[in-house]
Amino acid sequence: MNCAQDSNMSLFLRVERAMQKNFIMAVTVDGQMFEGSGRNKKLAKARAAQATLQTLFNMQLDSTPSRQPILSEGLQLHLPQVLADAVARLVVDKFSELTDNFASPHARRKVLAGIVMTTGTDVKDAMVICVATGTKCINGEYMSDRGLALNDCHAEIVARRSLIRFLYSQMECYLSNKTEDHHRSIFIKCEGGGFKLKENVQFHLYISTSPCGDARIFSPHEAAVEDQGDKHPNRKARGQLRTKIESGEGTIPVRSSNTIQTWDGVLQGERLLTMSCSDKIARWNVLGLQGALLSHFMEPLYFASIILGSLYHADHLSRAVYQRIGDIEELPSIYTLNRPLLSGISNTESRQPGKAPNFSVNWAVDDTGLEVINAMTGKDDMGRPSRLCKHALYSRWLRLHAKLPCLLQSKQEKSGSYYDAKQAAVEYQAAKETLIKEFQKSGLGMWVKKPIEQDQFVLSV
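Fair warning: this is a prediction, and the values are worked out from it, not measured in the lab.

**Student:** Is there a simple way to think about the pairing of strand 11 (residues 202–207) in this case?
**Tutor:** The side chains of a regular strand alternate between the sheet's two faces. Counting buried residues in strand 11 gives 6 out of 6 residues, a clear majority hidden from the surface. Residues Q202, H204 and Y206 line one face of strand 11 and the alternating positions F203, L205 and I207 line the opposite face, and both faces are buried. Both strand 5 (residues 112–118) and strand 11 contribute to a ladder of 6 bridges, which runs antiparallel. Paired with I115 across the strands is L205, a residue of strand 11.

**Student:** So what exactly am I meant to see when it comes to the sheet that holds strand 12 (residues 242–245) here?
**Tutor:** Two modes of strand pairing occur in sheets, parallel and antiparallel, and in both the strands are linked by backbone hydrogen bonds. Taken together, the 3 strands give an open sheet; going across it, the order is 13-12-14, and neighbouring strands pair in antiparallel fashion. The open sheet has two free edges, formed respectively by strand 13 (251–253) and strand 14 (273–275), since each of these has just one partner strand. Averaged over neighbouring strand pairs, the angle between their axes works out to 45° when direction is ignored. Where strand 12 and strand 14 come together, 3 bridges link them in antiparallel fashion. Paired with T243 across the bridge in strand 14 is M275.

**Student:** Even after reading the chapter, I still don't get the environment of F102, so can you show me in this structure?
**Tutor:** Assignment of secondary structure puts F102 in the loop between helix 2 (80–98) and strand 5. Sequence separation of F102 and V92 is 10 residues, and the distance between their C-alpha atoms is 9.9 Å. Other than its neighbours up to four places away in sequence, F102 contacts V92, F95, S96 and A107.

**Student:** Can you help me understand helix 6 (residues 277–287) in this one?
**Tutor:** The α-helix advances 3.6 residues per turn, and as a result positions three or four apart in sequence lie on the same side. Within helix 6, 10 of the 11 residues are buried, which leaves it mostly tucked inside the rest of the structure. Looking at helix 6, one finds that the buried residues are C277, S278, D279, K280, I281, A282, W284, N285, V286 and L287. Two residues or fewer after helix 6 comes G288, characterised by a positive phi angle close to 95°.

**Student:** Looking at this structure, I do not really get the packing of helix 3 (residues 155–174) against helix 6. What am I missing?
**Tutor:** Geometrically, a packed helix pair is captured by the angle between its two axes and the distance between the axes. At a closest axis distance of 9 Å, the pairing of helix 3 and helix 6 adopts a crossing angle of 35°. On helix 6, the residues that touch E156, I157 and R160 of helix 3 are C277, K280 and W284. For the contact of helix 3 with helix 6, the residue count by class is 3 nonpolar, no polar and 3 charged.

Quick notes on the rules
Residues numbered from 1 in each chain as written. Predicted model: local features only at pLDDT ≥ 70, side-chain atom pairs only at ≥ 80, totals over all residues. Heavy atoms only, no water. Buried < 20%, exposed > 50% of the residue type's maximum accessible area, 1.4 Å probe, protein only. Helix = DSSP H or I, 4+ residues; strand = E, 2+ residues; numbered from the N terminus. Pairing = 2+ DSSP bridges. Axes fitted to C-alpha atoms, helices over the stretch in contact; angles between N-to-C directions. Contact = heavy atoms within 4.5 Å. Nonpolar A, V, L, I, M, F, W, Y, C, P; charged D, E, K, R; others polar.

Written as structure tokens, this is what we have:
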């Protein structure tokens, strides 16, 4: 018997050996036991959670296995549907507030994403860190070799860049001379040097629909037969790396060769390719959300949950964001394969038909309002760079570097380029190479990189 416990709830697993193996999961909450069964542990857990929620909270959930939440090991907020619905509501309400109850012209969107931070088991203490919209990528001729343009304006990608801005602010709070700012920071020092999140601080990603790429390649109205196994004729393509295409929506599988893009080739008319959101989220589940630059100063940090407002399919989403690289090995010790809670919401968002707007908006805590970016140029309509661009984030990194030079994993000269600073994050780069090789080894394709010239700019503090 397998057993996992915390102060409020316990889980018990029983495997029935009959003609077909069946898993029974029992959950005990405040002395009451609820059971769920399924052909795998994931399904049994989901059905036990459903039985619990229906009885304790009178929540009538869709019984289709593909719509069930997938629990995360050790998630402190252990009522997934309650958490998922609360996170979604917080993000949508914040976007409503920022767009005059959706009356602003910039409320128009196809995809909304946001990140919510919790600091304990009470969802009432949750805080929206950032929100973003967008579905498009930069036109190749507008690429910047000074880090001034946003390449990818898909909502969840912009939200994660906004989270990085928040992390810089929190690092600056920690280093502040003001005691209240220092204590307000979400970071604490690690024993071995560097920083990590305070205990119980967790981040939750909400996206109004499934991320483009592998997580979205399924038929939403033909999903009732997954209990019989995947018999889809295209099942061998499941898990493939895919790229967004310039001046279009949707994704295409990566080519088996020629994954290097060149600056002059793109300017001459070759379509600029950007890895899909499904692939980038899978990457964050290994390398962390902080990126290469901040990994000089902090341990990797990961999403505790990913919540979709529509097109949620448990099997496809879990495969896309972590299961397809489940055999990854030999990562540097501080890195792992993160398996967040995955869930849909009770009241799914309706499909947004029609043409997607060409703009993307972003907001993070302490911003006075939305920033509006033309996704085709990667800048605002006045030609000014975004507060999320590489140039802006590298400037903040250099200021941190000036205060914390002793924490660098390897010597990084102040006059080095943005590319050099990222490459100097030795463990991060080792984890990245391991991840790229795992995709290759699993027959899922080669990661497509942007032209190297765009990262070779130099700044001084």
